[in-house]
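Tertiary structure, described
For reference, the chains in residue letters:
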Amino acid sequence: MAWVWALRGFLFGVVISLVVFLLAADSDAYHNSERTIADFIKAFPPFWTTIALPFLTAAAAYLMAWRMSEIIKAMKKALKEQETRSDSVLQFVESLSAGKLNVKINSDDKDDDLISSLVQLQRNLQQNQKEDLKRRDEEQQRTWVTNGVAQFGEILRRNNDNMQELSYNIIRYLVDYVNLIQAGFFLLHTGEDKGDNGKKFFELTAFVAYDRRKYADKTIEWGEGLVGRCAMEQKTIYMTELPPHYMTVTSGLGEGDPGAIILVPLKANDTVYGVVEMATLQPLLRHEIEFLEKTAESIAMTISTVRTNMQTAVLLQETQQQAAKMREQEEVLRQNLEEMRATQEENERKEIEMKGFITAIDHASISMEFATDGTILKVNDNFLNTFGYKAEEIADQNMSIFLFKEDRDTLDDLLNTINNGETFNGRVRRRSKRGEEVWLLSTYTPVRDSDGEILKVISLETNIADQVKLEREMQDSQKELDIRLQETRAEVEAKFKEVEAVKVRNEKTLDGMLDAIVTTNQEGTVEFFNEAAEKLWSYSREEVLGQNVSMLFAEGDIQNNDFIKAFVTPDMPKSIGERKEVPIKDKYGESVSVLVLLCEAEVNGEHSFTAFIQNVEVELF
């Protein structure tokens, strides 16, 4: 290519040289010479340059052609490189668009802004992809945890009245869902229910290995081993490096150690109810540990609720038994009071008979006549027989001889009364010859002369010693009866106070329960309605107590639901001890789904039914 342009330059120089030669040849100087080349050169010395011009133009053209060829080569190379760069960028962009974020761009130019931008874009897309994958994994983990918790909540709602079956169903589900190889459920006992003076220990209530139920009788003291440590610290223990011979996994292929173990405390409201120990071949992921901790809290709350319901049922049964016992004691006391009243009536009847007897013996009374100073004038035989004297022994004696020393002051009062013309009627105590006490019902009547002066006094007396003795016995009996009545009254009042205190304490305990509690008699009348029930139905207890329990359910539900129909219908067999999910109707007509556990109590042939109600819509976790 350069030689072609050199030839063209040479020809161009030749043409220019010829033109110059022809122009110069037409000059006068050339025509006046001999017209030789020497003359021409002599006339025009620069012609040497013209002669060399073709060679110069050829050289110049060659150089220019070579330079242009080099420029064209450089441009072609640049265009090819640009095309290659464009193809690389296009393939890179297409790869990024197709989601292939790990490809590399074919370029050595690290300073290219476009390449740098694309590489930065690739990095951003890779980062976004990582974050998206991370979010997707986290979302899948959250979904896995959420679904597991929901399924687990359904398990907790079933068989929660049997702790053995509940614990087995719990760890069976955990083994299947988390892909465990072994799990054990250790329930904490305080020892009181085992008669061990409050000593705390763990009991292995359920054990599952490789999806099979195992049976083992094992207890662990409080604070002993990893189980005791987990409960004391109230924290999850996760270990991938196990102590030698801590746990051995046996299968058809042989024996080996698990890859990791985890112990999770069953804790709710800072109270530990047990520990779940689990083993797996592979280390657990963070979301799996989080799921196990959430389920452990739900298990603890369920155990707390079950124990509370069981204690409440026992407390209610004990209260009903105590109330029945109190009623029996009250009936015994009532019968005792009736017997005492009958005894008192009998004593009153005897007293009336005694008064009739006294009236009868008035006809055969004891008689004595004495002067106003008390000197004995005359006595009859009944008097002598009564006091054991002979007539001559008391002749001219003062009647003071018949008085005890401590009663002689009363004689002066008696004589003063008579001397004032008054008649004395009353009971007097006298002394016989042998010093015995003689009680007389006496009437002292003064006898006057025509002038109204008192001549003497006549006494008509009746021996009432037997009556006095009987009265004393009756008084003693009355005192004893009063004492017994006071003791009985105090005992009855104490029993009533005790019954009332137990009733108030139990009502307050039941009223403070989180579950709604409704108690009815065998006719279906509501007798107890706690605060939680008020919140659930929006009724106040004043609106419900004394009403039929059917007001708490919709009419259609009563007809269509066998459990509700049996509950509100008297003399119809009830579903006792079964936890059922049924709808209720609140004060505003809204239907609410609840879980109902019905208990029955019998006292003196009277049946009462207590329903423990839990709102299904309350979140468990």
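Read on for an overview of the structure.

1. Overview of helix α11 (residues 408–419)
Here α11 contains twelve residues, and its C-alpha end-to-end distance of 17 Å stays within 8% of the 16 Å for a straight helix at 1.5 Å per residue. For α11, every residue scored as buried is listed here: L411, L414, L415 and I418. Considered in projection along α11, the buried side chains sweep an arc of 95° and stay on one side of the axis. Facing away from the buried side of α11 by over 90 degrees, the exposed positions are D409 and D413. In the stretch just after α11, G421 is the one whose phi turns positive, near 85°.

2. Looking at a nonpolar patch on the surface
Taken together, the side chains of M68, I71, I72 and M75 define a hydrophobic patch exposed on the protein surface, amounting to about 360 Å² of accessible area. When you line up the elements, I72 lands in helix α4 (residues 47–97). Here I72 falls in the partly exposed class, since its relative accessible area comes to 40%.

3. Considerations on empty space enclosed by the protein
One pass over the full model with this rule turns up three cavities of 30 Å³ or more. Taken as a whole, the largest cavity spans an internal volume of roughly 80 Å³. Every residue lining the largest cavity is counted, 13 residues in all, and those nearest its centre are F553, F567, V596, A611 and I613. At the level of secondary structure, the elements contributing two or more residues to the lining of the largest cavity comprise α16 (562–568), β17 (579–585) and β19 (606–615). Among the elements that take part in the lining of the largest cavity, α16 stands out by supplying three residues, more than any other. When its residues are assigned to classes, the lining of the largest cavity shows 13 nonpolar, no polar and no charged.

4. A word on the packing of aromatic side chains
Using the criterion set out here, one finds eleven aromatic pairs in the structure. The rings of F383, F387, Y389 and F402 are connected pair by pair, giving a single aromatic cluster. Residue placement shows K200 over the ring face of W222; its charged tip is 3.8 Å from the ring centre. The lysine or arginine in question, K574, covers the ring of F609, its NZ or CZ lying 4.8 Å from the ring centre.

5. Looking at the nonpolar core
Core analysis: the largest hydrophobic core is formed by 35 residues, its most contacted members being L174, F185, M278, F291 and L292. Of all the elements, helix α6 (residues 163–178) adds the most residues to this core, at ten residues. Beyond its immediate chain neighbours, meaning those up to four positions away, F185 contacts S167, I170, I171, E203, L204, T205, A206, L266, V275, V276, I299 and I303. Core analysis: the next-biggest nonpolar cluster, separate from the first, contains 27 residues, A516, A533, F553 and A611 among them.

6. Overview of the pairing of strand β1 (residues 182–189)
With eight of its eight residues buried, β1 lies for the most part within the structure. Burial along β1 is two-sided: Q182, G184, F186 and L188 and A183, F185, L187 and H189, pointing in opposite directions, are all buried. The sheet contact formed by β1 and strand β9 (residues 271–280) spans six bridges and is antiparallel. Bridge pairing in β9 links F185 to V276. Strand direction decides the pairing type here: β1 and strand β2 (residues 201–209), joined by eight bridges, are antiparallel. Bridge pairing in β2 places A183 opposite V208.

7. With respect to the pairing of β19
Bridge analysis of strand β15 (residues 516–521) against β19 gives six bridges, and the strand direction is antiparallel. By the bridge assignment for β19, T519 is matched with T610. Following strand β18 (residues 591–603), the chain reverses through two residues before pairing antiparallel with β19; N604 in that reversal takes a positive phi of roughly 50°.

8. Considerations on the sheet that holds strand β10 (residues 366–370)
The sheet built from five strands is open, its strands ordered β11-β10-β14-β13-β12 with antiparallel pairing. The sheet terminates laterally at β11 (376–379) and β12 (424–431), the two strands that pair on one side only. If you compare each strand with its neighbour and ignore which way they point, the axes differ by 30° on average. Bridge count for β10 against β11 is three bridges, and the pairing is antiparallel. In the strand pairing of β11, E369 is matched with K378.

The rules we used
- Residues numbered from 1 in each chain as written.
- Predicted model: local features only at pLDDT ≥ 70, side-chain atom pairs only at ≥ 80, totals over all residues.
- Heavy atoms only, no water.
- Helix = DSSP H or I, 4+ residues; strand = E, 2+ residues; numbered from the N terminus.
- Expected span 1.5 Å × (residues − 1).
- Buried < 20%, exposed > 50% of the residue type's maximum accessible area, 1.4 Å probe, protein only.
- Arc of directions from axis to C-beta.
- Patch = residues over 30% accessible without salt bridge, like charges linked within 9 Å, V, L, I, M, F, W, Y side chains within 5 Å.
- Areas by Shrake-Rupley, 256 points an atom, 1.4 Å probe, with all protein chains shown as cover.
- Salt bridge = Lys/Arg side-chain N within 4 Å of Asp/Glu carboxyl O.
- 1 Å grid on protein atoms, 1.4 Å probe; cavity = no way out; pocket = protein on both sides within 12 Å on 5 of 7 lines; lining within 4 Å.
- Points joined across faces, edges and corners; volume = space filled by probe spheres on them.
- Nonpolar A, V, L, I, M, F, W, Y, C, P; charged D, E, K, R; others polar.
- Phe/Tyr/Trp six-rings, centres within 6.5 Å; stacked < 30°, edge-to-face > 60°.
- Lys NZ or Arg CZ within 6 Å of the ring centre and 35° of its normal.
- Core = buried A, V, L, I, M, F, W, Y, C linked by side-chain atoms within 4.5 Å.
- Contact = heavy atoms within 4.5 Å.
- Pairing = 2+ DSSP bridges.
- Axes fitted to C-alpha atoms, helices over the stretch in contact; angles between N-to-C directions.

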